[in-house]
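# Breakdown of the fold
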Amino acid sequence: SRPSEVLYFHGTALQSNHVLSASDLATLPSDMVGTFTQSRANERSEYRTTVRGIRLASLIERLGLKTAAKADWKNLWITVTATDGYRAQFSWVELVNTAVGDGVLLIFERDGQPLDPREGRIALLSTADFRLGARHVRNALRIEVRHVVE
C-alpha cells in the first residue's frame, strides 16, 4: 500500500474535521504520549523495539467531541482506515473506560526514528490486545468518529 503522510479526522461526532501529520503528533503535549516495548522474533533472532505515539482517546478529546446528551459518549464508534483499506475499530467506551484504551497509540516513531515506509509515517497499534496484528493499522490514513445509530 502507498505510504501515509497525513491523517484525516472526520465524522459526525467531531466538532470539526482535522488533518494532522506525524510532525504534528510529535509536537503534542507529553501527557498525551505513550510508549510500548515489543518483543519481535523471526526464524534467526528475537529483538525488542520501542514505539512512541499519541494515545488515540487523548487526541480525539483534544480535537473536540460533539455530544448532545450526557450518554452520547456510550454510543461513539471509531474506525481507523489504512491507505489499502484495512480497518480497525474501537468503541469510545473501550478507549476511555478500559485498560485497553491507554494502549491504543497512533505511532510515529520506532526506536527513536520515524516509522519505516512499510508502516507509513503514522500507524495505529493497540498494545493491550493479546494478538497485536489484528488492530495494527499500517499507513493510517483516516479516523472516523461517529455516533452509532440504533
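Up top is the structure.
Notes on the structure in this doc start here. Remember, it's a predicted structure, so these values are computed and weren't measured experimentally.

So, on to unusual backbone geometry. Even without a glycine there, the phi angle at Asp 111 is positive, about 55°. With respect to the helices, strands and loops of the structure, Asp 111 is situated in the loop between β7 (104–110) and β8 (113–114). Classification of Asp 111 by relative accessible area gives partly exposed; the value is 45%. Even without glycine at this site, Asn 139 takes up a positive phi of about 55°. By secondary structure assignment, the location of Asn 139 is in the loop between β9 (123–126) and β10 (140–147). By relative accessible area, Asn 139 is classed as buried at 1%.

Proteins that are soluble and globular tend to have nonpolar side chains buried together. Within the largest apolar cluster, 34 residues are counted, with the highest numbers of intra-cluster contacts made by Phe 9, Leu 56, Leu 59 and Leu 106. Residue assignment for this core shows that the elements contributing at least two residues are β1 (6–10), α1 (22–26), α2 (56–63), β5 (76–82), β6 (87–91), α3 (92–97), β7 and β10. When residues no more than four places from it in sequence are discounted, the contact partners of Phe 9 are Leu 14, Asn 17, His 18, Leu 20, Leu 56, Leu 59, Ile 60, Leu 63, Leu 106 and Ile 143. In terms of nonpolar packing, the next biggest core, distinct from the first, is built from seven residues, Leu 105, Leu 115, Leu 125 and Leu 132 among them.

What follows is about the pairing of β10. Looking along a regular strand, one sees side chains alternate from face to face of the sheet. Sheet topology note: the β1/β10 ladder contains three bridges and is parallel. Counterpart to Phe 9 in the pairing with β10 is Ile 143. Where β5 meets β10, seven bridges bridge the pair, whose relative direction is antiparallel. Looking across to β10, one finds that Ala 82 is bridged to Ala 140.

This part takes up the environment of Pro 117. Structurally, Pro 117 is set in the loop between β8 and β9. Placed 113 residues apart in sequence, Pro 117 and Ser 4 show a C-alpha to C-alpha distance of 8.7 Å.

Conventions used here
Residues numbered from 1 in each chain as written. Predicted model: local features only at pLDDT ≥ 70, side-chain atom pairs only at ≥ 80, totals over all residues. Heavy atoms only, no water. Helix = DSSP H or I, 4+ residues; strand = E, 2+ residues; numbered from the N terminus. Buried < 20%, exposed > 50% of the residue type's maximum accessible area, 1.4 Å probe, protein only. Core = buried A, V, L, I, M, F, W, Y, C linked by side-chain atoms within 4.5 Å. Contact = heavy atoms within 4.5 Å. Pairing = 2+ DSSP bridges.

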